Every structure is written in C-alpha cells, then in structure tokens.
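Residues per chain, in single letters:
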Amino acid sequence: MRKRWLSALLCLCLVLSLLPIAAYAQTLETYVALGDSITTGYGLGEGAQSFAKQVATASGLTLDDALATDGLTSAGLLAQLSDADAKTAVTGADFITITIGGNDLLGALYGYLAEKYNAAHPEEPQMTAEKITEKLASLTMSDVNLVKELIGYMPGFQNSDAAENALTAYSANLTAILSAIRMLNSDVQVVVLNQYNPYKQAAENPNPALTIVGVDISEVFGAFEAGVTALNGATAAVVNGYANVQVADVKTVFDKEETNPCNANFSDLDALSFDIHPNATGHQLLADMVGEIVEELQAPSTPSSTVTGDTTFDPN
C-alpha cells in the first residue's frame, strides 16, 4: 500500500513538473521614479503633470520621485544609489522607472561642438558646453550665425571619440545602476525608458526663413537621430542581461506621433526653441506606455508573455 502511494505521488510530481508554470498577478504598491528632467517634468506648462505622477494616479501607486533630478547623468544616478535615502527608496519599491542617458549624449555633443568652434576661433573667448546650452535655451535671431556654424559640425559627432567614449561610459554606468538596484531589491520590476529624437516633428515643419538664413534643421535632426539610435542600442544591450527589467520603446512611439510631443519649435521664429523636453502630449504618451506595463504586471499572464530581460515594450 505504501509503495503504491509513493508511486502515485511520484507520478503526480512528474505530471505537475511538465505543466506550464503560470505567471500570477503581482501586487504593486510603491513606485520609485528615478532619473533626469524627463521624470521631473521639466518644461511642462502650469498644471500639467509628469508621466510618473500620471501613472501613479491612474494605477493607484504610491509615488516617490524625490530622487529625480534635472540634468542628471548616468554617472550621477549611479552615485545617487550609494546614498542612504536612495537605498531605502529602492529597497522598498515594487516598481521603478528610469529615464537616463540623454544628458550623457548632450554633454558629449556640446563638448564636441565647443571643441570644434574653439579650434576655428582661437582668438575669441573659449566656447564651452555650458555656454552652448545657455545659448540654445534663450535663442535669438542674433545667434543665427553661431547656431549655423555649430550645426555644421554636428554630422561629425557620431564617428568621434567623444561619442564613442560617452557611449562606453553610459553602458558601464547603466550596468552598474541595474546591478546596484538588483543588490538592494532582487524582486523589483524595472522599466528603462529609451531616448527619443526631440526634433523629428519640429524638423518636419520648419519655418522657411530658417532655410533662407542658412540654418539647416535637417542636420540637427540627423545628428540627433544617429546619437539616439546608438544610445538606445547600448541601452537594449545592457538591459538584455537582467531579469525583470525591460525597455519602454519611447522613440518608436514618439516617432509615430503626428502632434509634436516635445517643446522644440522651428516653425515660429518668435518662439524658436531647441528645447528637448517632452510637452504635455509627450508626457501623456509616456504615461500611457508605462501605465500599460503596470497593468500587464498586475494581471495574470501566460508563460509566453512573462517579462524577461530582453523585452522591449512597444504598445504599437
């Protein structure tokens, strides 16, 4: 009798081991939003909410976005994760989003442009990446010649040592960031939002006067397209090595959007802007993407839809 009981138990265990393992709904309560000015909602108009706040409200999550910082780089985020407050936040999180890398790319690009400009104008006061940032933030028609010259240097950036070094450093930092998060919280679900080209829609509808004065906006779009593509490739390669981490393909969604999702404006000379930040439309797109991921994580799913490290989320 005992032998038959043991045989039956072994058979049952064998049958159960052959059945697919169902993925059950997860309870997500605490949402920690890490990253740069995209997470803080920099550049939004009064009353508009960042994507992180929208996701928290719609999903009923408790949001902690206190660590998000304007201008943050991947090196800055990595250093931030050594702080006690950051460790506490990450350890208690059920869900984390990360927006990072844009400032790495911009810093390298503007540094490269400053170097090229200084080589061509050794007799003038030295240009810096910070000065270029300031010029583009408060652009006037008197700066047209400067902008025209800087744009002319942009195509060379993608094959420069500056670009290669920035991508190498970013990959190493993102790897260390995800490893640090895993050490603090092995179960947390992480979404890394990839980078978009902020000039796609603006470059498609420029004011003809910009062409007349010699500013080729298409070169701006092309330079950013190459840089963003390389940055997103680095992100995907790093994320592929981690379970429960996925990429939200922001670039594809922003590229498909007909309404400009960013603050950049090349159609109105009185409001000419190179501002890279998402506007209210952009943040709504981000909120929709991340919100769908949260819904998927909280709903029971089959093994085929289980999130893995090499997943790229694209709702379209």
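Residues numbered from 1 in each chain as written. Predicted model: local features only at pLDDT ≥ 70, side-chain atom pairs only at ≥ 80, totals over all residues. Heavy atoms only, no water.

1. Remarks on the overall build of the protein
Counting secondary structure elements, the protein contains 14 helices and 6 strands. Out of the 316 residues belonging to the protein, those deemed buried represent 45%. Sequence separation of at least 24 residues holds for 79% of the intrachain contacts in the protein that already meet a minimum separation of 6. (Helix = DSSP H or I, 4+ residues; strand = E, 2+ residues; numbered from the N terminus. Buried < 20%, exposed > 50% of the residue type's maximum accessible area, 1.4 Å probe, protein only. Contact = heavy atoms within 4.5 Å.)

2. Observations regarding the layout of surface pockets
The volume enclosed by the largest pocket comes to roughly 500 Å³. Along the wall of the largest pocket there are 22 residues; nearest its centre are Y42, T133, D275, I276 and H277. Going through the elements one at a time, α6 (102–120) and α7 (129–137) are the ones with two or more residues in the lining of the largest pocket. For the lining of the largest pocket, the leading source of residues is α7, giving 5 residues. By residue class, the composition of the lining of the largest pocket is 11 nonpolar, 8 polar and 3 charged. (1 Å grid on protein atoms, 1.4 Å probe; cavity = no way out; pocket = protein on both sides within 12 Å on 5 of 7 lines; lining within 4 Å. Points joined across faces, edges and corners; volume = space filled by probe spheres on them. Nonpolar A, V, L, I, M, F, W, Y, C, P; charged D, E, K, R; others polar.)

3. Things to note about the pairing of strand β5 (residues 245–248)
The side-chain alternation of β5 yields two buried faces, one formed by V245 and V247 and the other by Q246 and A248. In the sheet, strand β4 (residues 189–193) pairs with β5 via 4 bridges, with the strands oriented parallel. Across the sheet, the residue bridging to V191 is Q246, located in β5. (Pairing = 2+ DSSP bridges.)

4. Re the pairing of β4
Burial runs high along β4: 5 of the 5 residues are buried. Here β4 shows two buried faces, one formed by Q189, V191 and L193 and the other by V190 and V192.

5. Topic: the environment of P155
Of note, P155 is situated in the loop between α8 (144–153) and α9 (161–184). P155 sits 68 residues away from A223 along the chain, and the two C-alpha atoms are 5.5 Å apart.

6. Describing the nonpolar core
Among soluble globular proteins, nonpolar side chains are generally buried collectively. Core analysis: the largest hydrophobic core is formed by 65 residues, its most contacted members being L34, I96, I98, L178, I181 and V190. Discounting residues that sit within four places of it in the chain, I181 has contacts with L34, L81, V90, I96, I98, V188 and V190. Membership of the second largest hydrophobic core comes to 26 residues, among which are A248, V250, A287 and L297. (Core = buried A, V, L, I, M, F, W, Y, C linked by side-chain atoms within 4.5 Å.)

7. With respect to empty space enclosed by the protein
Following the criterion strictly, the structure yields 5 cavities of 30 Å³ or more and no others. Counted as a void, the largest cavity has a volume near 160 Å³. Looking at the largest cavity, it is lined by 15 residues, and the ones nearest its centre are G102, L106, Q195, Y196 and I276. Taken together, the elements giving at least two residues each to the lining of the largest cavity come down to α2 (37–40), α6 and α12 (217–239).

8. What to know about the side chain of D104
Following the sequence through the fold, D104 ends up in helix α6. Notably, D104 is buried but unbridged: the nearest opposite-charge side chain belongs to K251, and the N-O separation is 18 Å. Here D104 is in contact with T73, S74, A166 and Y170, once residues within four sequence places are set aside. (Lys, Arg positive; Asp, Glu negative; His and termini not counted. Salt bridge = Lys/Arg side-chain N within 4 Å of Asp/Glu carboxyl O.)

9. Some words on the packing of α6 against α9
One can describe the packing of α6 onto α9 by two numbers: an axis separation of 9 Å at closest approach and a directional angle of 160 degrees. What the angle tells us is that α6 and α9 run roughly antiparallel. The handedness of the crossing between α6 and α9 is right-handed. Across the interface between the two elements, D104, A108 and Y112 from α6 touch A162, A166 and Y170 from α9. Tallied by class, residues from the contact of α6 with α9 come to 5 nonpolar, no polar and 1 charged. (Axes fitted to C-alpha atoms, helices over the stretch in contact; angles between N-to-C directions. Parallel < 35°, antiparallel > 145°, perpendicular 65-115°, else oblique. Left-handed = near helix turned anticlockwise from the far one by under 90°.)

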